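# Structural description and commentary
Here are the chains, one letter per residue:
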Amino acid sequence: MTDDVKPIRTKKDYEAALREVERLWGAKVGTADGDRLDVLATLIDAYEAAHFPIDPPDPIEAIKFRMEQQGMTRKDLEPLIGTRTRVAEVLNRKRSLSIAMIRRLHARLGISAEVLIRPTRKERAA
């Protein structure tokens, strides 16, 4: 890359920016190199968001991940989802989440409602 920082428009620009970030890695904040590193990181982030978007997680996978993080069991989900049978049906993708379930899961587990309302992988394949 030249001394001027430019927008990242092509794969070649992107690869050059990554090489420059690697060279600048560890630069001190507030220095010219540190400022350049910050600007390049922002440009790379914008390019990656546009060209390599990441889909939100599957709702059931998000619930299972949060359960694992918090050391929860299926029984812990009963107040949020319903009976033991209903919890099993939801986690096995046999029953969809209701709006009430989504609200409770969002409030108690902190999972984004946007993630919870998405169709599960099974529903998307149908």
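Higher on the page you've got the structure.
Anyway, here's the lowdown on the structure attached to this text. Note on numbering: residues in each chain are counted from 1, in written sequence order. Selection of residues for local features in this predicted model requires a pLDDT of at least 70, selection of side-chain atom pairs for listing and counting requires 80 or more, and totals for whole chains, interfaces and linings are taken over all residues. Excluding hydrogens and water, the side-chain values take into account all heavy atoms of the structure.

To qualify as a helix, a DSSP run of H or I must reach at least 4 residues; to qualify as a strand, a run of E must reach at least 2; elements of each kind are numbered from the N terminus. Structurally, Met72 is set in the loop between helix 3 (59-70) and helix 4 (74-81). What makes two residues a contact is simply this: any of their non-hydrogen atoms within 4.5 Å. When near neighbours in sequence (up to four residues on either side) are disregarded, Met72 contacts Met67, Leu77, Arg108 and Leu109.

This next bit is on unusual backbone geometry. At Arg93, a position not held by glycine, the phi torsion is positive, near 65 degrees. Within the secondary structure, Arg93 is located in the loop between helix 5 (84-91) and helix 6 (99-109).

Let us now look at the packing of aromatic side chains. Note on aromatic pairs: the rings of Phe, Tyr and Trp (six-membered ring only in Trp) are paired at centre separations within 6.5 Å, and the planes decide the class, stacked below 30 degrees, edge-to-face beyond 60, tilted for the rest. On inspection of all chains with the given rule, the structure shows three aromatic pairs. Between Tyr14 and Tyr47, the ring centres sit 4.8 Å apart and the planes meet at 25 degrees, which makes this aromatic pair stacked. With Tyr14 in helix 1 (residues 11-24) and Tyr47 in helix 2 (residues 32-51), the pair connects residues that are 33 residues apart, well separated along the chain. Of the two residues, Tyr14 and Tyr47, neither departs from the other in class, the shared state being buried. Judged by centre distance (6.2 Å) and plane angle (70 degrees), the ring pair of Tyr47 and Phe52 falls under edge-to-face. Taken together through their ring pairs, the aromatic side chains of Tyr14, Tyr47 and Phe52 make up a single cluster. When a residue's accessible area, from a 1.4 Å probe over protein chains only, is under 20% of the maximum for its type it is buried; when over 50% it is exposed; and in between it is partly exposed.

What follows deals with the nonpolar core. For our purposes a nonpolar core is just a set of buried Ala, Val, Leu, Ile, Met, Phe, Trp, Tyr and Cys residues, chained together by side-chain atoms within 4.5 Å. Ranked by size, the top nonpolar core spans 19 residues in total, and within it Ile63, Leu77, Ile81, Leu97 and Leu105 carry the most contacts. Residue assignment for this core shows that the elements contributing at least two residues are helix 3, helix 4, helix 5, helix 6 and helix 7 (113-116). Leu24, Leu40, Ile44 and Tyr47 belong to the second-largest nonpolar core, a separate cluster that totals nine residues.

A few words on the packing of helix 1 against helix 2. Each axis is a line fitted through C-alpha atoms, taken for helices only over the stretch in contact, and angles between the N-to-C directions span 0 to 180 degrees. With their axes 10 Å apart at the nearest point, helix 1 and helix 2 run at an angle of 145 degrees to one another. The two elements helix 1 and helix 2 meet at a crossing, and its hand is left-handed. Between helix 1, through Lys11, Tyr14, Ala17, Leu18, Glu20, Val21 and Leu24, and helix 2, the contact on the second element is made entirely by Asp33, Arg36, Leu37, Leu40, Ile44, Tyr47 and Glu48. In the scheme used here, Gly and all other residues not listed as nonpolar or charged are polar, with Ala, Val, Leu, Ile, Met, Phe, Trp, Tyr, Cys and Pro taken as nonpolar and Asp, Glu, Lys and Arg as charged. Along the lines of polarity and charge, the residues of the contact of helix 1 with helix 2 split into nine nonpolar, no polar and five charged. Crossings are classed by handedness, with left-handed meaning an anticlockwise turn of the near helix from the far one by less than a right angle and right-handed meaning a clockwise turn.

A pair of packed helices can be characterised by two numbers: the angle between their axes and the separation between those axes. At a minimum axis distance of 9 Å, the contact between helix 4 and helix 6 shows a crossing angle of 125 degrees. The orientation of helix 4 relative to helix 6 falls into the category oblique. Touching Leu77, Pro79, Leu80 and Ile81 of helix 4 are Met101, Arg104, Leu105, Arg108 and Leu109, all from helix 6. Taken together, the residues of the contact of helix 4 with helix 6 break down into seven nonpolar, no polar and two charged. The scheme is simple: roughly parallel for angles under 35 degrees, roughly antiparallel for over 145, roughly perpendicular for 65 to 115, oblique for anything else.

Purely geometric numbers; function is a separate question.
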